[in-house]
Amino acid sequence: GRVCAQNASSGINAEYGAKQTAAANERSPPERSNTHRRTSTRRVRKSMRSKRPAPNLASIPDAPPAGEEFTVVEAFTGSGPGQISLAVGDQVIVTNKDKEEWWYVWKDNNQGWFPAAFLLDKNAVKGPEKFKVVADYKAASAQELAAKKGQTVVITDQSSNPDWWFGAIGKKEGWIPSSFLQKA
C-alpha cells in the first residue's frame, strides 16, 4: 500500500508543477524583437542630438595646466609606461612633484614622468653674465678658477651651487666662490 501512495503523490506533484509553469507562461509579457528596441533607442538618441548644443571649441584650453616652468638640463629617452622623452633645453611645465625622483611634466601636447634630477627651475637658468673679481682667489684644485682682483669673469652657471659659480676668464674655465665676485 505504501508504494502505491508514494506513486500517487508523485503524480499529483508533477501535475501541479506543470500547471504552475503554464500559468507563469500566460502571465509573462510577449517577447519583443530587438529590432523594435534598437529603432526606438535610435530615435531617442537622434532627438537628443538635435536639442543638444554643439561644444564650444574655443573653451577647450590649448595651454598646459598651471605649474612651475623648468628647463631640461640632461636628455632622457622614456622607456617605461607613462615616461616622456625630452632633449636638453626643452622647456616644460611640472604639474606633479609627488614622487621624489620623478616629476610629471607637460611639453606642448605631450606629458609624462621625467627624472627630476634632469630638470632645472627656469628662473635659475640665466645666460652668461659678467662679474668683476673683488679679491684675489688662488685655485686649490684643477677644477677651480684662479682670479686676480679687477679681472672680469664670465659666469655661465650660478644655479648648481649658490656658493660656487662656474665661469671663464679668457679660455680658462673653472669654479670660483661667488663671494669673490661682484656684478660688472
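None of these values were measured; they are calculated from a predicted model. (Residues numbered from 1 in each chain as written. Predicted model: local features only at pLDDT ≥ 70, side-chain atom pairs only at ≥ 80, totals over all residues. Heavy atoms only, no water.)

A. Examining the side chain of Asp90 more closely. For Asp90, the location among the structural elements is in the loop between strand S1 (68-72) and strand S2 (91-96). As a buried residue without a salt bridge, Asp90 has its nearest oppositely charged side chain in Lys107, at a separation of 4.4 Å. Within polar-contact distance, the side chain of Asp90 engages the backbone nitrogen of Ala87 at 2.8 Å. In contact with Asp90, not counting residues within four places along its chain, are Phe70, Thr71, Val72 and Lys107. (Helix = DSSP H or I, 4+ residues; strand = E, 2+ residues; numbered from the N terminus. Buried < 20%, exposed > 50% of the residue type's maximum accessible area, 1.4 Å probe, protein only. Lys, Arg positive; Asp, Glu negative; His and termini not counted. Salt bridge = Lys/Arg side-chain N within 4 Å of Asp/Glu carboxyl O. Polar contact = N/O pair within 3.5 Å; in protein donor to acceptor, adjacent residues only side chain to side chain. Contact = heavy atoms within 4.5 Å.)

B. Focus on the confidence of the model for the chain. Across the chain, the average pLDDT comes to 73, with 61% of residues at or above 70. Here residues 18-62 scores under 50 on pLDDT; set against residues more than four positions off or in separate chains, the count is 0 contacts. (pLDDT = per-residue confidence, 0-100.)

C. How the structure looks around the sheet that holds S2. An order of S4-S3-S2-S1-S5 is seen for the 5 strands of this open sheet, with the pairing classed as antiparallel. Either end of the sheet is taken by a strand with one partner, and the two such strands are strand S4 (110-115) and strand S5 (119-121). Going from strand to strand, the sheet's axes swing by 45 degrees on average, the running direction of each strand aside. The pairing of S1 with S2 spans 4 bridges and is classified as antiparallel. Bridging across to S2, Thr71 finds its partner in Gln91. (Pairing = 2+ DSSP bridges. Axes fitted to C-alpha atoms, helices over the stretch in contact; angles between N-to-C directions.)

D. The pairing of S1, seen in detail. Pairing of S1 with S5, which is carried by 3 bridges, proceeds in the antiparallel orientation. Directly across from Val72, in S5, lies its bridge partner Leu119.

E. Spatial organisation of the nonpolar core. Formed by 13 residues in total, the largest nonpolar core has its most connected members in Leu86, Val92, Val105, Phe114 and Leu119. When neighbours within four sequence positions are excluded, Val92 is seen to be in contact with Glu68, Glu69, Phe70, Val72, Leu86, Val105, Trp106, Lys107 and Leu119. Counting 11 residues, the second-largest nonpolar core is a separate cluster that includes Leu145, Ala147, Trp165 and Ile169. (Core = buried A, V, L, I, M, F, W, Y, C linked by side-chain atoms within 4.5 Å.)

F. Seen up close, the packing of aromatic side chains. Evaluated as defined, the whole model comprises 10 aromatic pairs. Seen from their ring centres, Tyr137 and Trp164 are 6.2 Å apart, and the 75 degrees between their planes marks the pair as edge-to-face. Of this pair, Tyr137 sits in the loop between strand S6 (129-133) and strand S7 (152-157) while Trp164 sits in strand S8 (residues 164-169); the two residues are 27 residues apart in sequence, bridging distant segments of the chain. When the ring centre of Trp113 is taken as reference, the NZ or CZ atom of Lys99 above it lies at 4.5 Å. The side chain of Lys183 reaches across the aromatic face of Phe131, ending 5.5 Å from its centre. (Phe/Tyr/Trp six-rings, centres within 6.5 Å; stacked < 30°, edge-to-face > 60°. Lys NZ or Arg CZ within 6 Å of the ring centre and 35° of its normal.)

G. Expanded view of the environment of Gly78. By the secondary structure assignment, Gly78 is in the loop between S1 and S2. When its relative accessible area of 24% is taken as the criterion, Gly78 is described as partly exposed. Once the C-alpha coordinates of Gly78 and Gly112 are considered, the two residues, 34 residues apart in sequence, prove to be 8.8 Å apart. Ignoring sequence-local partners within four residues, the contact set of Gly78 consists of Gln83, Ile84 and Ser85.

H. Looking closely at the pattern of salt bridges. All told, the structure shown has 3 salt bridges when counted by the stated rule. The closest approach of N and O atoms between Glu129 and Lys183, which form a salt bridge, is 2.3 Å. With Glu129 in strand S6 and Lys183 in strand S10 (residues 181-183), this residue pair connects regions lying 54 residues apart in the sequence. On the basis of relative accessibility, which here comes to 16%, the residue Glu129 falls in the buried class.

I. Expanded view of the sheet that holds S6. Read across the open sheet, the 5 strands follow the order S9-S8-S7-S6-S10; overall the sheet is antiparallel. Looking at strand neighbours, the two that pair on one side only are strand S9 (172-177) and S10, the edges of this open sheet. For this sheet the average axis-to-axis angle between neighbouring strands, irrespective of direction, equals 45 degrees. In terms of strand pairing, S7 meets S8 through 3 bridges, oriented antiparallel.

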